[in-house]
Protein chains: 2
Amino acid sequence: MTSSTQLAGGNGGPEHLLPLIDTALEGLGKGTVERNGPLPAGGPGSNGLRTGSTAVTGEGCPNTGVGATRALAEMSQWFTQYAIDPADPACAAHLHTPPLAVAVAADVVAGAVNSSLDSWDQGPSGVAVEADVVRALAHLIGYCPETATGAMTSGGTESNVTGLMLAREHATRAAAGKASRRGRPRILCSTDAHFSVARSAGVLGLGEDAAIEVGLDSRRRMDPESLHTALAAIDDAGDVPIAVVATAGTTDLGTIDPIPEIAGIAETHGLWLHVDAAYGGGAVFSHRLAPLLDGLERADSVAIDLHKLGWQPVAAGLFLVRDATLFDPLQRRVAYLNSEDDEQAGYRSLLGRSLRTTRRADALKVAVTLRALGRTGLGALVDRCHDLAGHAASRVNDEPRLTLHSDPVLTTVVFRYLPRAGDPDSVNARLRRRLLDEGRAVIGRTEFDGAVHLKLTLLNPNTTEGDIDALLETVVAAGDKECA
Amino acid sequence: MTSSTQLAGGNGGPEHLLPLIDTALEGLGKGTVERNGPLPAGGPGSNGLRTGSTAVTGEGCPNTGVGATRALAEMSQWFTQYAIDPADPACAAHLHTPPLAVAVAADVVAGAVNSSLDSWDQGPSGVAVEADVVRALAHLIGYCPETATGAMTSGGTESNVTGLMLAREHATRAAAGKASRRGRPRILCSTDAHFSVARSAGVLGLGEDAAIEVGLDSRRRMDPESLHTALAAIDDAGDVPIAVVATAGTTDLGTIDPIPEIAGIAETHGLWLHVDAAYGGGAVFSHRLAPLLDGLERADSVAIDLHKLGWQPVAAGLFLVRDATLFDPLQRRVAYLNSEDDEQAGYRSLLGRSLRTTRRADALKVAVTLRALGRTGLGALVDRCHDLAGHAASRVNDEPRLTLHSDPVLTTVVFRYLPRAGDPDSVNARLRRRLLDEGRAVIGRTEFDGAVHLKLTLLNPNTTEGDIDALLETVVAAGDKECA
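Residues numbered from 1 in each chain as written. Chains lettered and ligands numbered in written order. Predicted model: local features only at pLDDT ≥ 70, side-chain atom pairs only at ≥ 80, totals over all residues. Heavy atoms only, no water.

Peer 1: Honestly, the relation of the copies chain B and chain A in this entry has me stumped. Any pointers?
Peer 2: One copy of the chain maps onto the other through a rotation about an axis plus a displacement along that axis. Mapping chain B onto chain A is achieved by rotating through 180° and translating by 0.0 Å along the same axis, at an RMSD of 0.0 Å. Look at the turn and shift together and you get a two-fold axis relating the two. In this assembly, 100% of the residues forming the interface of chain B have copies in chain A that are likewise at the interface, indicating an isologous arrangement. (Least-squares fit on C-alpha atoms with pLDDT ≥ 70 in both. Contact = heavy atoms within 4.5 Å.)

Next comes the structure, spelled out in structure tokens:
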């Protein structure tokens, strides 16, 4: 048997993996050195990116392989060289976290053993460790760990669609048998909610326009008065509100909606409250920031992405519900997976916890990380990134060519470059692309009322204040060049 | 900085990862030795499983961590010891593949770099390598690689819901403006189609009962005559068929629906054809079995799971569409991800290819595997498992206490134990649980018309004919004990 077909599991697993992982890590190291910065220069047209990929993968699937060692060596290096590295301090565009080495190492075991969580007999320890992770996070956000439950997801988008599907099902069940109104189901969220809320409404067959945008207060948080107004308008139109989605950490500004007030309104109206804490949920690890999440325990369901403030490799989404019975609409009986007599004999599965069937044991890397760092260790990383955002905001305020959008809430800083001449939107968009093209920096962009803004998303705890200063100088220099 | 907070990426990445991965692999090795079989004995009530998990994770999230090395060592060993190892020849229950070491090694790089495929500036090489993998598989199944497209998914369930959502959107668009019928949308699939088809209909808001089961021929394949009849009945009821789902490899029997005939009917009726080849799609690697998939190129969309016949760690689903324009309903413009001017400048994203937002570069491990083994290498693994199924079926036929359900098509073998006394359903269910409880074997179970059957799903190319013989002897012995 050649090394190409050796298996990762079984008695020989570690011996098969070790030399191949060495080769992969060597490629990772060489690619990082060759890249020599946050991203490859040259943009999407870069020859190494366009042709390098097929050069190393072969055109399509080759008939005969080149063997594991050569394929790994070449492709690991190419992939790394033409990647964007979130561990580089000049990579600060997205909620795209540099993962902890301990989490990546733990994930190797999940991959080698290849458990799947849709039935007990594909992963007893996977099922157990996911339950532990769910319980730990449920406890941290203030749910009762005995009644709450949940599952790992691929991320906030899957968590949001799962929460809204449960809301839809519960609303349908509540309406059944009643002479209730037959209007269209509606979901309320703020203007700054993630686009996946509307997309979820579309997936779920409610239509994307079922997601009604509620107005913002002066800090771009969902305005409770506007929520009242929106509910009244839905009522006037004869439509049926089924859920409110509050956001704890908007993608751009990190804004956290006033959860206690929104929870009160949802409770009064008997509406499902889903909190999209994909970004902000990780603030629970920080004693300083956790109070921002007060009221989260009143939500029916919550989305938290530990591949954001949690420093996990993707995927590490969590979907939590306040009470296990809320999952009832997802329960399924499948002869080949969870027959009744097997479940009575104790062979339980988590099939009813997820819209997926096969599910990797993503919980292992999270559990190892929680145990390795503890809440204190993770909280220190959150606080460090929060401090960096504060520093960046202050530096933006000091720089006459930059203007700050608003004080940072979590770890993002939104600002604009002020051009001496030219259309500010175009200059800001172009300066960002210039930084990408030149391979110098990866910063974010977004828009408010059509005005292009720049954004730093600070998730690298190793970034220094000096790195931030240098990054902002690079931004100003690129803007100056665009105006020259 | 302690090792607990070291990052996997950047210049120090490989140096941080190497000792931690060594620790993880040591735990993997020790756990495998301690388990000493396909699964831990004792079933779900096993003390080591129930209390071991919290013993190693701590009850909930600890305040202070124990450090990366200790957490990794303890939890990797515990996780492996209480896992079910698909690399053990006596683990043969599910489409739960023992992954190739080369794929697991490549996945380390994807984890360390942590690319996400929802925007160019979170993963240029990830975007490129996914396009390569999609092109390679599209070519293999007979799609035109220039017009076809697709994306990696978490598995068949996500692929199926994506295909059916596109079908729903295209039907809605086709009906718009026409004085068309307003009946309920319907999806046709065979009685043996995967449960995720009906579940997808539920998710999509069509109701699970929108999935209409079409009758089977004598080989449990979708019967084209019954499909005609079902379409006529839908028409009579005033409802609207929107898609036909053919299955290429049913979960239990590996049956492949007659794709050419079904494609002809779908084309005549203008219906979307989705082929769920989650299991059978990997047969394209085998020159012997590929002809079973003839007609796949006529499907509008196809699901293939390379974490089944492809020997990848989960997740390695692929969703392919015949023509890129079929993805139009999923296109999204999001200011922070894919602004128009950025895309015009060449910074394209794959946001419109997936229902997810953040997406790990799962394509890297697949690309490395394709290049390492080639079609020939993967085809040999497929053929080997097919041969093993043939051997197992013949051995079942030779054994008076066992009866074969039907000749294997792919790599599953369905059979029953014939008890001397007692209810056969109960005896078969109990003998399987006995094997699990005793930690001796993990075999599958399913039902046909309520009759409990046993199943071997043979996905381990290292399994020998002798292993199969021993496994079937173990099954018979367990059955005899249940009857004693």
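Peer 1: Hey, could you run me through the UniProt feature "modified residue: N6-(pyridoxal phosphate)lysine" (unreviewed entry) in chain A in this one?
Peer 2: According to UniProt, the feature "modified residue: N6-(pyridoxal phosphate)lysine" (unreviewed entry) maps to A:Lys308 in the numbering used here. Of note, A:Lys308 is situated in the loop between strand S7 (301-305) and strand S8 (317-321). With residues near it in sequence (within four places) discarded, A:Lys308 still touches A:Leu95, A:Thr97, A:Ala278, A:Tyr279, A:Leu459 and B:Thr358. A polar side-chain atom of A:Lys308 sits 2.7 Å from a polar atom in the side chain of A:Asp305. (UniProt positions renumbered as here; feature names shortened; annotations may be inferred. Helix = DSSP H or I, 4+ residues; strand = E, 2+ residues; numbered from the N terminus. Polar contact = N/O pair within 3.5 Å; in protein donor to acceptor, adjacent residues only side chain to side chain.)

Peer 1: When you look at the side chain of B:Thr247 in this model, what are you seeing that I'm missing?
Peer 2: Among the secondary structure elements, B:Thr247 is positioned in strand S5 (residues 240-247). Judged by its relative accessible area of 3%, B:Thr247 is buried. (Buried < 20%, exposed > 50% of the residue type's maximum accessible area, 1.4 Å probe, protein only.)

Peer 1: Any chance you could explain the interface of chain B and chain A here in plain terms?
Peer 2: Interface extent is often summarised as the accessible area lost during association of the parts. With 159 residues of chain B at the interface, the matching set in chain A holds 159 residues. Taken together, the two surfaces of chain B and chain A that pack against each other cover about 13100 Å², and 63% of this comes from carbon and sulfur. Contact with chain A buries area across many residues of chain B, yet B:Phe79, B:Tyr336 and B:Arg371 alone supply 7% of it, more than any other trio. Here B:Asp342 and A:Arg445 are joined by a salt bridge, their closest N and O atoms 3.2 Å apart. There are 66 residue pairs in polar contact (both at pLDDT 80 or more) connecting chain B and chain A. Taken together, the residues of the side of chain B that touches chain A break down into 78 nonpolar, 52 polar and 29 charged. (Buried area = accessible area lost by both parts, 1.4 Å probe. Salt bridge = Lys/Arg side-chain N within 4 Å of Asp/Glu carboxyl O. Nonpolar A, V, L, I, M, F, W, Y, C, P; charged D, E, K, R; others polar.)

Peer 1: Would you mind showing me how to read the domain arrangement of chain A here?
Peer 2: All names here are of chain A. Each domain of chain A was delimited in the assignment, giving domain 1 (13-81), domain 2 (115-359) and domain 3 (374-483). Each of domain 2 and domain 3 has a C-alpha centre, and the two are 31 Å apart. Taken together, the contact pairs 26 residues of domain 2 with 21 residues of domain 3. Approximately 2100 Å² of surface area, both sides summed, lies buried where domain 2 meets domain 3, with 63% of it carried by carbon and sulfur atoms. Among the residues of domain 2 in contact with domain 3, Asp252, Leu253 and Trp311 are the three that bury the most area, contributing 32% of the side total. Inspection of the domain 2/domain 3 interface yields 3 salt bridges. Here arginine 288 and aspartate 387 are joined by a salt bridge, their closest N and O atoms 2.9 Å apart. Where domain 2 meets domain 3, there are 11 residue pairs in polar contact (both at pLDDT 80 or more). Across the side of domain 2 that touches domain 3, the residue classes tally to 12 nonpolar, 9 polar and 5 charged. (Domains from an automatic or database assignment.)

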